[in-house]
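Given next are the chains, with one letter for each unit.
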Amino acid sequence: MKIGIVCYPTFGGSGVVATELGKALADEGHQVHFITYSQPARLDFFSANLFYHEVSVRDYPLFDYAPYESALASKLVDVVRFEGLDILHVHYAIPHASAAYMAKQILETYGIHIPFVTTLHGTDITLVGKDPTYKPVVTFSINKSDGVTTVSEDLKKDTNNHFDITNEIKVIPNFIDFNRFSLKAKDHFKKAIAPNNERILIHTSNFRKVKRTGDVIKMFKKVLETIPAKLLMVGDGPDRANNEQMCREMGICDHVRFLGKQDAIEEILSVSDLFLMPSETESFGLAALEAMACKVPVISSNAGGLPELNVDGFCGYMSNVGDVDDMAAKAVLILENDEVLNRFKENAFRRAQDFDLKKILPIYIDFYNETIARHLIQYPATASAIM
Ligand code: GMT
């Protein structure tokens, strides 16, 4: 198959899933074309089956806001025509799904009929998409997609609750590539962070309000009252400066390291004992899955799709959003005893295996084939051209 993937090229979860999916499809022999405004963060190597097409937005003094959506739709038309793509897969509804719809309509004027699949990732529905600013466009483009997927049952439910959806939504959970995410021997690193064998707690995110990074700091402060520990805060974003200030006011700076954005996150996870994700909402929680794959149990909130990933009392614990006391108590329960900690670590790894890329990739490939087949029924004249 020749597949066009549209995504945000940043470190955000949707971009990561899109890029990892594209890489895996390319490994299976499919030709994958990424179409976005800069090289996706995890696409930093050569593969014969991977292509990147940059969407450049022309600035003009008249524009207060450069029209990215039009530039993307035009680029999609160009790439589909030139490369002969079979299907488009857009990640994150805004503005990718509506740009794909626009491109599809334009391509029809050239006699080219291409289906597009939209994958909803979370904030495109739960935070941004349902705002009246975008809602009519999001609803329309979901309903006009030839296939729609969400990364959890909870996100499917939210989408159906908040929008007037006439399309069937298929749930395809996020996945993990164990070739990259697995326990690495990084003892020297562990010694540098925790010279007295303190437990290492970790949080990774984009430090937006929804991640409740302040709760991470408060929870850690409570854990520290019982257990010698260090906290690694990985990533960057709007709340980071506040969180650093909180640590100063709490007098715990010696125990907390803010590491900023990190590429080799699997190496840092490999020296960690507990992952903290107290999010306000989380459609799936990919960062927690990455931790689990590296044998790190998870203390999380029970918001959104997190109960579909974190199995309470098995590979971690869940608490109500904002219940920092409960989260800290459960963290101590896991951390205070080596035997318990090791059991949770092994269970985290076992749970992560349910989301092995090898299990999820065929579901996406089948979904593409079904979508193309359904589309061909609508446009039988194109069948011979594609097959
Ligand atoms: O959570 C973020 O900050 C990034 C966001 C995104 O859209 O890139 O992540 C969403 O998609 C991820 C991949 O499917 C999910 O694992 C995250 O749970 C989801 N974030 C939220 O729902 C808040």
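Cut-off values and rules
Throughout, a residue's number is its position along its own chain's written sequence, starting from 1. In keeping with the model being predicted, local features are shown solely for residues with a pLDDT of at least 70 and side-chain atom pairs are shown and tallied solely at 80 or more, while totals for entire chains, interfaces and linings include all residues. Based on all heavy atoms of the structure, the side-chain values leave hydrogens and waters out of the count. Nearness here has a simple test: a residue counts as near a molecule or strand if at least one of its heavy atoms is within 4 Å of that partner. Pairs of N or O atoms within 3.5 Å make up the polar contacts considered here, provided that, within protein, one atom can donate a hydrogen while the other can accept it, and that residues adjacent in sequence are counted only when both atoms are side-chain atoms. Values of accessible area rely on a 1.4 Å probe in the Shrake-Rupley scheme; residue burial ignores everything except the protein chains shown. Only runs of H or I of at least four residues qualify as helices and only runs of E of at least two qualify as strands under DSSP, and these elements are numbered from the N terminus. Each residue receives one of three labels: charged for Asp, Glu, Lys and Arg, nonpolar for Ala, Val, Leu, Ile, Met, Phe, Trp, Tyr, Cys and Pro, and polar for the others, Gly being one of them. As used throughout, domain bounds are those supplied by an automatic or database domain assignment. Each aromatic pair joins two rings of Phe, Tyr and Trp (for Trp, the six-membered one) with centres within 6.5 Å, and gets the label stacked for planes under 30 degrees apart, edge-to-face for over 60, and tilted for any other angle. Charges are assigned to positions over rings by a cutoff of 6 Å between ring centre and Lys NZ or Arg CZ, combined with an angular limit of 35 degrees from the ring normal. Whether two residues touch is decided by their heavy atoms; if any such pair falls within 4.5 Å, the residues are in contact. Reported buried area values correspond to the accessible surface (1.4 Å probe) lost by two parts on association, with both partners' losses combined. Every case where a carboxyl oxygen of Asp or Glu lies within 4 Å of a side-chain nitrogen of Lys or Arg is listed as a salt bridge. Axis lines are fitted to C-alpha atoms, over the contacting stretch for helices. Their N-to-C directions set the angle, which ranges from 0 to 180 degrees. By definition in this entry, angles of less than 35 degrees are roughly parallel, angles greater than 145 are roughly antiparallel, angles of 65 to 115 are roughly perpendicular, and the rest are oblique. Only buried Ala, Val, Leu, Ile, Met, Phe, Trp, Tyr and Cys residues count toward a nonpolar core, and they belong to the same one when joined by side-chain atoms within 4.5 Å. Each residue is assigned to one of three classes by its accessible area relative to the maximum for its type, calculated with a 1.4 Å probe on protein chains only: buried under 20%, partly exposed between the two thresholds, exposed over 50%.

Student: Explain the site of the ligand to me, please; I cannot follow it from the model alone.
Tutor: Near the ligand, the surroundings consist of 19 residues, among which H121, N206, R208, K211 and E282 are the closest. S283 has a polar backbone atom sitting 2.8 Å from an oxygen atom of the ligand. Starting from 490 Å² of accessible surface for the ligand in isolation, the protein chains cover 95%. At three residues, the largest contribution of residues to the shell around the ligand is made by helix α1 (residues 13-27). Of the residues assigned to the shell around the ligand, the class counts are five nonpolar, 11 polar and three charged. Both domains that meet at the shell around the ligand, namely domain 1 (2-175 + 356-378) and domain 2 (187-355), each give it at least three residues.

Student: Which parts of the structure should I look at to understand the packing of aromatic side chains?
Tutor: For any pair of aromatic rings, geometry is given as the distance between the ring centres together with the angle between the planes. For the structure on display, the rule yields eight aromatic pairs. Above the face of the Y110 ring, R81 is positioned so that its terminal group lies 3.8 Å from the ring centre. Positioned over the ring face of F163 is K135, at 5.7 Å from the centre of the ring.

Student: I would appreciate a short explanation of the domain arrangement of the protein chain in the present structure.
Tutor: How big an interface is tends to be reported as the loss of accessible area on association of its parts. Structurally, the protein chain comprises domain 1 (2-175 + 356-378) and domain 2 (187-355). For domain 1 and domain 2, the distance between their C-alpha centres works out to 31 Å. If you look at the interface, domain 1 gives 22 residues, while domain 2 gives 18 residues. Interface of domain 1 and domain 2: buried area, both sides summed, is about 1300 Å²; carbon and sulfur atoms make up 56% of it. At the junction of domain 1 with domain 2, the criterion picks out zero salt bridges. Counting the contacts that link domain 1 with domain 2 gives seven residue pairs in polar contact (both at pLDDT 80 or more). Among the secondary structure elements, those contributing two or more residues to the side of domain 1 that touches domain 2 are α1, α4 (123-126), α6 (153-162) and α14 (357-378). Here the residues of the side of domain 1 that touches domain 2 are counted per class, giving 10 nonpolar, seven polar and five charged.

Student: I keep staring at the packing of helix α12 (residues 324-335) against helix α13 (residues 338-353) and nothing clicks. Help me out?
Tutor: The relative placement of two packed helices comes down to the angle between their axes together with the axis-to-axis distance. Between α12 and α13, the least distance of the axes is 6 Å, while the angle of their chain directions is 100°. What the angle tells us is that α12 and α13 run roughly perpendicular. Residue-level inspection shows L333, I334 and L335 of α12 in contact with α13, the latter providing V340, L341 and F344. Of the residues in the contact of α12 with α13, the class split is six nonpolar, no polar and no charged.

Student: Whenever I open this one, the nonpolar core confuses me. Can you help?
Tutor: Nonpolar side chains in soluble globular proteins generally cluster together in the buried interior. Counting residues in each nonpolar core, the largest one holds 72 residues, and the members touching the most others are L25, L269, F275 and L289. Ranked by the residues each element gives to this core, the list is headed by α14, at nine residues. Two domains each donate at least three residues to this core, and these are domain 1 (2-175 + 356-378) and domain 2 (187-355). Setting aside residues up to four positions removed in sequence, F275 forms contacts with I202, H203, T204, L269, A287, A288, A291, V296, P297, V298 and I299. V216, I217, L276 and F344 belong to the second-largest nonpolar core, a separate cluster that totals 30 residues.

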